[in-house]
Amino acid sequence: MNAELLRALDLATARDWAGAKAALLHVDDPVATRLAGVIADLDHRDEARRRSTADLRHEIGNALTIVQANLEGVIDGVLEPTKERLAGMRDALAAAGAALENFGRS
Amino acid sequence: MTDNRLKRVLVVDDEPEIVDALRAYLEREGFEVSVAGTLAAALETFRRVEPDLMLLDITLPDGSGLDILRATQSDGRRTPAIMLTARAEEVDRIVGLELGADDYVTKPFSPREVVARVRAVMRRAEVAAGAPRRAGNAIVIKDLEVDVDAHEVRVSGRDAGVTATEFRILRVLAENPGQAFSRAALLDALHDDGSIFERTLDRHINNLRKKIEPDPENPEYLYTVYGVGYKMRARER
């Protein structure tokens, strides 16, 4: 196995997908071509995972902010404890729960 | 002169429940609050109200809070901004000053914490703009403190022992750092009843210099403006 292939494997292990692809760019070898395909696929999956984690974080962060800010507001006497406000908090938690459930399925 | 109008805060977030809570807390603290839920509405509101500070959610239905930051900064006016984000991956860009935000708060957050950040960023912006900094009701310029409540002047924390007349003169100058006053204008600003004359004003200034200046011959605070009168040193920018 030549040096470029070993280097590409090391970079892929470190999740440096761009570096791994670059290391294989000028290697004319069937193993290198197959490896480049695997690395491209891993890169794609890694990006999708990062995106869905960020989306989940956004959904849960918003929901928890709605609940925390409104509960604090009611406790501090800044906001009225209305039925609508309670319903808004319940809906925010439900949306966070749904996002979490979808994340587990993806 | 000091700016007594309410400080305006523009809150941009597409979650009405978050906006409501932030608005309630900020209004309780004496801020005038405008809100927007989209990028387009935020830019329109920004032009209309000219806020003193913006609270910007990064993720909006029609764009990003970062776009608002770019658009409002390219107008040549620099409005302090605090970013609100649930996305940890954005924090490095915000903190790295790449985008020019002054601070950030990650979701979930406490509205009390946001109000504290708003105050801190506004204070920094005022200092940077050359406004007199106030600690409690004291005007602070370098090591000099003019404590309006205690009617006392301190240098590096030590009472300078100024007289009532000297205090009045120093207060007017300290409230307007960098602004030159003619002797007549200074007497006018003091609302003087005739007890201070232009020629005795010079003597009061000399006495003040002996009490507050490290070297009265080379003043660090009370400058003579030749042909005009006097001024207090401007705050560092």
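Before reading further, recall that the structure is shown in the block above.
Just so we're clear, the structure is a prediction, and the values are computed from it rather than from any experiment.

## Focus: the interface of chain B and chain A
Facing 18 residues of chain B, the contacting portion of chain A comprises 17 residues. Contributions of two or more residues to the side of chain B that touches chain A are made by helix 1 (16-28), helix 4 (88-95) and helix 5 (111-128) of chain B. Here the side of chain B that touches chain A gets six residues from one element, more than from any other, and that element is helix 1 of chain B. Of the residues contributing to the side of chain B that touches chain A, the split by class is nine nonpolar, two polar and seven charged.

## Quick notes on the nonpolar core
Residues and elements named next belong to chain B. Among the nonpolar cores identified, the biggest contains 41 residues, and V9, L10, V11, V12, L22, L55 and L56 are the most heavily contacted of them. Sorting elements by how many residues they give to this core places helix 1 first, with seven residues. Ignoring any residue separated from it by four or fewer positions in sequence, one finds L56 in contact with V12, G65, I68, L69, A81, M83 and L84. Of all hydrophobic cores here, the second largest spans 22 residues; its members include L173, L186, I205 and L208.

## Side note on the sheet that holds strand 13 (residues 181-182) of chain B
All names here are of chain B. The three strands are arranged 13-15-14 in an open sheet whose pairing can be described as antiparallel. With one partner strand each, in any of the chains shown, strand 13 and strand 14 (222-225) form the two edges of the open sheet. The pairing of strand 13 with strand 15 (residues 229-232) spans two bridges and is classified as antiparallel. Along strand 15, the bridge assignment pairs S182 with G229. Seen against the sheet, helix 6 (residues 164-174) touches strand 13, strand 14 and strand 15 and runs at an angle of roughly 65° to strand 15.

## Details of the sheet that holds strand 1 (residues 8-12) of chain B
Consider a sheet: its strands pair through backbone hydrogen bonds, and that pairing is either parallel or antiparallel. All names here are of chain B. With parallel pairing, five strands are arranged side by side in an open sheet as 2-1-3-6-7. Two strands close off the open sheet at either side, each with one partner strand: strand 2 (32-36) and strand 7 (103-106). With direction set aside, neighbouring strand axes in the sheet form an average angle of 20°. Sheet topology note: the strand 1/strand 2 ladder contains five bridges and is parallel. Looking at strand 2, one finds that R8 is bridged to E32. Of the strands in this sheet, strand 1 and strand 2 touch helix 2 (residues 39-49), which is tilted by about 175° from strand 1.

## Some details on unusual backbone geometry
Residues and elements named next belong to chain B. The amide bond that connects K107 to the next residue, P108, takes the cis arrangement and shows omega of 0°. Mapped onto the secondary structure, P108 falls in the loop between strand 7 and helix 5. At E50, a residue that is not glycine, the phi angle is positive and equals roughly 45°. With respect to the element layout, E50 can be found in the loop between helix 2 and strand 3 (53-57). Judged by the 11 C-beta atoms lying within 10 Å of it, E50 is exposed.

Quick notes on the rules
- Residues numbered from 1 in each chain as written.
- Chains lettered and ligands numbered in written order.
- Predicted model: local features only at pLDDT ≥ 70, side-chain atom pairs only at ≥ 80, totals over all residues.
- Contact = placed C-beta atoms within 7 Å.
- Helix = DSSP H or I, 4+ residues; strand = E, 2+ residues; numbered from the N terminus.
- Nonpolar A, V, L, I, M, F, W, Y, C, P; charged D, E, K, R; others polar.
- Core = buried A, V, L, I, M, F, W, Y, C linked by C-beta atoms within 7 Å.
- Buried ≥ 20, exposed ≤ 12 C-beta atoms within 10 Å, placed from the backbone.
- Pairing = 2+ DSSP bridges.
- Axes fitted to C-alpha atoms, helices over the stretch in contact; angles between N-to-C directions.

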